[in-house]
Amino acid sequence: MTRFDFSPLPRIGLGTDRHRLVAGRACMLGGVHFADCPVGPQGHSDGDAVLHALTDAVLGAAGLDDLGTLFPDTDPRYQGADSTTLLRTALQQVAEQGLRCWSIDLAIQCDRPRIAPRRAEIRAHLAQLFELPLDRVNLKGKTREGVGSEVEAVDVTAVVLLGPAA
Ligand code: MG
């Protein structure tokens, strides 16, 4: 009996993340600094929920568990680790499997900062990080529509498609 060969087929990955937004924290989202935003994501590292969701999506598509399993915050090597470094490490592990990212789409939900004015900048940054053309990276900013407004937060949902690197 022949076994079905999955190896040439694309793999989809989903990642989500949520961080509280608090005063006195630098606001980093998608590797972009929103210097004029009075609140920023609370977290161990820079709290960049966009990069965390993307890292989870990449790991999920590759069948590599998740961010917390691969980079436990109890491991001193990853304490306070830079979110970009974690994402690069995940992409490296994916590359070692002969895979690469084919496309990204994500939604960022928050009332502050406004994403739309910086959307092109985040897109360009992610395209560079993932080594993708701009039209393979998409994102949208959405407000929280007044829901859960007693605790300010940012919510991110990311979907990535991985496929053979060559
Ligand atoms: Mg996170």
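This text goes with the structure placed above it.
For the structure given in this document, a descriptive report is provided here. Remember, predicted model here, so these are calculated numbers, not experimental data. (Residues numbered from 1 in each chain as written. Predicted model: local features only at pLDDT ≥ 70, side-chain atom pairs only at ≥ 80, totals over all residues. Heavy atoms only, no water.)

## Digging into the coordination of the magnesium ion
Heads up, the rule is: Coordinating donors are taken to be N, O and S atoms lying within 2.8 Å of the metal, or within 3.2 Å when the metal is Na, K or Ca; because water is excluded from the atom set, some sites may appear incomplete. A helix here means a DSSP run of H or I that spans at least four residues, while a strand means a run of E at least two residues long, and both kinds are numbered starting from the N terminus. Burial status follows relative accessibility: with a 1.4 Å probe on protein chains alone, a residue under 20% of its type maximum counts as buried, one over 50% as exposed, and anything between as partly exposed.
With distances of 2.1 to 2.2 Å, the protein atoms coordinating the magnesium ion are Asp-17 (OD), His-19 (NE2) and His-52 (ND1). Counting the intervening residues between successive donors of the magnesium ion yields the motif D-x1-H-x32-H. Pair noted here: His-19 is in strand β1 (residues 11–23) and His-52 is in helix α1 (residues 49–61), with a separation of 33 residues, a long-range link. What makes His-52 buried here is its relative accessible area of 10%.

## Focus on the packing of aromatic side chains
As a reminder of what qualifies: Aromatic rings from Phe, Tyr and Trp, with only the six-membered ring used for Trp, were paired whenever their centres fell within 6.5 Å, and each pair was classed as stacked if the ring planes differed by under 30 degrees, edge-to-face if by over 60, and tilted otherwise.
Counted according to the given criterion, the structure contains one aromatic pair. Their ring planes at 80 degrees and their centres at 4.8 Å tell us that Phe-4 and Phe-6 sit as a pair that is edge-to-face. Comparing Phe-4 with Phe-6 shows no difference in burial state: the two are exposed.

## Looking at the environment of Gln-93
How we decide: Here, residues are in contact when the closest pair of their heavy atoms is within 4.5 Å.
With respect to the element layout, Gln-93 can be found in helix α3 (residues 83–96). Since its relative accessible area comes to 26%, Gln-93 is described here as partly exposed. Sequence separation of Gln-93 and Pro-113 is 20 residues, and the distance between their C-alpha atoms is 32 Å. Residue contacts for Gln-93: discarding those within four places in its chain leaves Leu-64 and Leu-70.

## Thoughts on the environment of Gly-30
Along the chain, the position of Gly-30 falls in the loop between β2 (28–29) and β3 (32–33). By relative accessible area, which is 0% here, Gly-30 ends up buried. Once the C-alpha coordinates of Gly-30 and Glu-152 are considered, the two residues, 122 residues apart in sequence, prove to be 18 Å apart. Beyond its immediate sequence surroundings of up to four residues, Gly-30 is in contact with Asp-48, Val-50, Leu-51, Ile-122, His-125 and Leu-126.

## Concerning a nonpolar patch on the surface
Worth spelling out the cut-off: Exposure above 30% relative accessible area and the lack of any salt bridge qualify a residue for a patch; like charges then connect within 9 Å, and the nonpolar side chains Val, Leu, Ile, Met, Phe, Trp and Tyr within 5 Å. Residue burial considers only the protein chains on display, and all accessible areas are found by Shrake-Rupley using a 1.4 Å probe. For salt bridges, the criterion is a side-chain nitrogen of Lys or Arg within 4 Å of an Asp or Glu carboxyl oxygen.
Taken together, Phe-4, Phe-6 and Leu-9 make up a surface patch of nonpolar side chains, about 350 Å² in accessible area. Looking at the element boundaries, Phe-4 is found in the segment before β1. Under the relative-accessibility criterion, Phe-4 is labelled exposed at 60%.

## A few points about the packing of α1 against α3
Spelled out, the test is: Only C-alpha atoms enter the line fits that serve as axes; for helices the fit covers just the stretch in contact. Angles between N-to-C directions range over 0 to 180 degrees. By the definition adopted for this analysis, an angle is roughly parallel if under 35 degrees, roughly antiparallel if over 145, roughly perpendicular if from 65 to 115, and oblique otherwise. Throughout, a crossing is termed right-handed when the near helix is turned clockwise from the far one, and left-handed when it is turned anticlockwise from it by less than a right angle. For this scheme, ten residues count as nonpolar: Ala, Val, Leu, Ile, Met, Phe, Trp, Tyr, Cys and Pro. Four count as charged, namely Asp, Glu, Lys and Arg, and the remainder, Gly too, count as polar.
Taken N-terminus to C-terminus, the directions of α1 and α3 make an angle of 15 degrees; their axes are 9 Å apart at the nearest point. Taken together, the axes of α1 and α3 lie roughly parallel to each other. Here α1 and α3 pass one another in a crossing that is left-handed. Contact residues: Leu-51, His-52, Leu-54, Thr-55, Val-58 and Leu-59 in α1; Ser-83, Thr-84, Leu-86, Leu-87, Ala-90, Leu-91 and Val-94 in α3. Each residue belonging to the contact of α1 with α3 can be placed in one class, and the counts come to nine nonpolar, four polar and no charged.

## Brief notes about the sheet that holds strand β5 (residues 99–109)
Strand pairing in a sheet takes place through backbone hydrogen bonds and is either antiparallel or parallel in direction. Selection rule: When DSSP finds two or more bridges between a pair of strands, those strands are recorded as paired.
Strand order across the open sheet formed by five strands is β4-β1-β7-β5-β6, with mixed pairing between neighbours. The sheet is open, and its two borders are formed by β4 (39–41) and β6 (137–142), each paired with just one other strand. With strand direction ignored, the average angle separating the axes of adjacent strands in the sheet is 25 degrees. Bridging between β5 and β6 involves six bridges; their strand directions are parallel. Residue pairing for β6: Ala-107 is matched across the bridge by Lys-140. Sitting on the sheet, helix α4 (residues 119–130) is in contact with β5 and β6, with an inclination near 145 degrees to β6.

## Considering unusual backbone geometry
Look at the link from Arg-112 to Pro-113: it is a cis peptide, with omega at -10 degrees. You can see Pro-113 is positioned in the loop between β5 and α4. For Asp-65, which is not glycine, the phi torsion reads 60 degrees and is therefore positive. Secondary-structure assignment places Asp-65 in the loop between α1 and α2 (67–70). The backbone of Glu-145 shows a phi angle near 55 degrees, a positive value even though the residue is not glycine. With a relative accessible area of 68%, Glu-145 lands in the exposed category.

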